[in-house]
Structures are given as C-alpha cells and as structure tokens.
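# Observations on the three-dimensional arrangement
If you want the building blocks of each chain, they are given just below.
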Amino acid sequence: MPRLGYRKGIDDKKEPLQKPFPLRLPKSVQDHIKAEAEARSLTMAELARKVLAAHAKADRVSLPHKKGPTKQALHQLARLGNNLNQLARQANAGYVGVSELEIRAVLELVNQTALRL
C-alpha cells in the first residue's frame, strides 16, 4: 500500500519517473516478457525499468526469484523422499535400529521444506 504522501509518478525510492518510454515489440516477445514479469511478481514496466537500469550501469540485473519450485528443487525433494522411504522399510524389517520418532521428525522436516517451495 502506498505510504502517506504518495504521488503518482514517484517510485518507492522517491526518484521521479520523468518520461514514458513507448516501445513497440512483436507479439511473441511481448508475451514472453509478460510471462516472465508475472512469474517474478512484477509488472512489465517494473521488469523493463530494472533490466534497462542495470544495462545502463553495465551491471547485472537483480530480479526476484520466480514463483514456485524449480525442477532441481523438486528432483532433490523426490530423492530425499525416496531415501526416507528406503530407511522406513529397513526399519520396519528390523535391519536398521531407527526409532519411529526419528523417522517422523525427518518426515516433518521434509514436509516443512516442501511447503516452503
């Protein structure tokens, strides 16, 4: 929510946004940029400002991470669940001396991690 004294055309850093910058793009490029901005919880204008400002400074752009889990995170979570399942099977068969409380504690940590993704 805007702070008290908010004025149109001034961003959160209190730097006035001087002029509009109209830009014509092909539909495919515009759709790609719009999808990228939505994935990062930004508007198209915010994304364009950040990218162009970083380019003007010859610096890397700092953008928020995309929403949702990445393929690598899901793969690692699946591997962790597989290992936990193997450990539970071994414990149920009596091959490994792991208590039920220890397995439930690890399972709770896995569930908490999955919720953060």
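As the structure is a prediction and not an experimental result, all values here were calculated from the model.

## Some thoughts on the overall build of the protein
- Tallying secondary structure elements over the protein gives four helices and zero strands in all.
- For the protein, the succession of helices and strands along the chain, N to C, is α-α-α-α.
- Residue burial in the protein is summarised as follows: out of 117 residues, 9% are buried.
- Long-range pairs, those at least 24 residues apart, make up 33% of the contacts in the protein between residues at least 6 apart in sequence.
- For the protein, the computed accessible surface area is about 10,600 Å², with 56% contributed by carbon and sulfur atoms.

## Observations regarding the pattern of salt bridges
- Summed over all chains, the structure comprises two salt bridges.
- With a shortest N-O distance of 3.1 Å, Lys27 and Asp31 are connected by a salt bridge. Residue Lys27 and its partner Asp31 are located together in helix α1 (residues 27-39), separated by four residues, close to a single helical turn.
- Judged by its relative accessible area of 58%, Lys27 falls in the exposed class.
- Owing to a relative accessible area of 36%, Asp31 belongs among the partly exposed residues under this scheme.
- Between Arg40 and Glu36 there is a salt bridge whose closest N-O contact spans 2.7 Å.

## Details of unusual backbone geometry
- Even without a glycine there, the phi angle at Ser41 is positive, about 60°.
- With respect to the helices and strands, Ser41 occurs in the loop between α1 and α2 (44-56).

## Considerations on the confidence of the model for the protein
- Here the protein averages 81 in pLDDT, and 86% of its residues register 70 or above.
- Confidence scores differ between elements of the protein, with helix α4 (residues 100-116) showing the lowest mean pLDDT of 82 and α1 the highest of 91.

## Re the packing of helix α3 (residues 71-93) against α4
- The geometry of α3 relative to α4 is characterised by a closest axis approach of 11 Å and an angle of 165° between their N-to-C directions. As summarised for this structure, α3 and α4 are arranged roughly antiparallel, according to the angle between their axes. Regarding α3 and α4, the two cross each other, and that crossing is left-handed. Contact with α3, carried on its side by Leu77, Leu80, Leu84, Ala88 and Ala91, involves Ile103, Val106, Leu107, Val110 and Ala114 of α4 and no other residues of that element.
- Counted by class, the contact of α3 with α4 contains 10 nonpolar, no polar and no charged residues.

## Some points on the environment of Val98
- Mapped onto the secondary structure, Val98 falls in the loop between α3 and α4.
- It is 8.3 Å that separates the C-alpha atoms of Val98 and Leu87, two residues lying 11 residues apart in sequence.
- Ignoring any residue separated from it by four or fewer positions in sequence, one finds Val98 in contact with Leu87, Ala91 and Ile103.

## Here we look at α3
- The terminal C-alpha atoms of α3 lie 33 Å apart, and with 23 residues this matches the ideal 33 Å at 1.5 Å per residue to within 8%.
- Within α3 the residues assigned to the buried category are Leu77, Leu84 and Ala91.
- Summarising the contacts, the buried residues of α3 are in contact with α4.
- Directly after α3, the chain includes Gly94, whose backbone phi takes a positive value near 90°.

Quick notes on the rules
- Residues numbered from 1 in each chain as written.
- Predicted model: local features only at pLDDT ≥ 70, side-chain atom pairs only at ≥ 80, totals over all residues.
- Heavy atoms only, no water.
- Helix = DSSP H or I, 4+ residues; strand = E, 2+ residues; numbered from the N terminus.
- Buried < 20%, exposed > 50% of the residue type's maximum accessible area, 1.4 Å probe, protein only.
- Contact = heavy atoms within 4.5 Å.
- Areas by Shrake-Rupley, 256 points an atom, 1.4 Å probe, with all protein chains shown as cover.
- Salt bridge = Lys/Arg side-chain N within 4 Å of Asp/Glu carboxyl O.
- pLDDT = per-residue confidence, 0-100.
- Axes fitted to C-alpha atoms, helices over the stretch in contact; angles between N-to-C directions.
- Parallel < 35°, antiparallel > 145°, perpendicular 65-115°, else oblique.
- Left-handed = near helix turned anticlockwise from the far one by under 90°.
- Nonpolar A, V, L, I, M, F, W, Y, C, P; charged D, E, K, R; others polar.
- Expected span 1.5 Å × (residues − 1).

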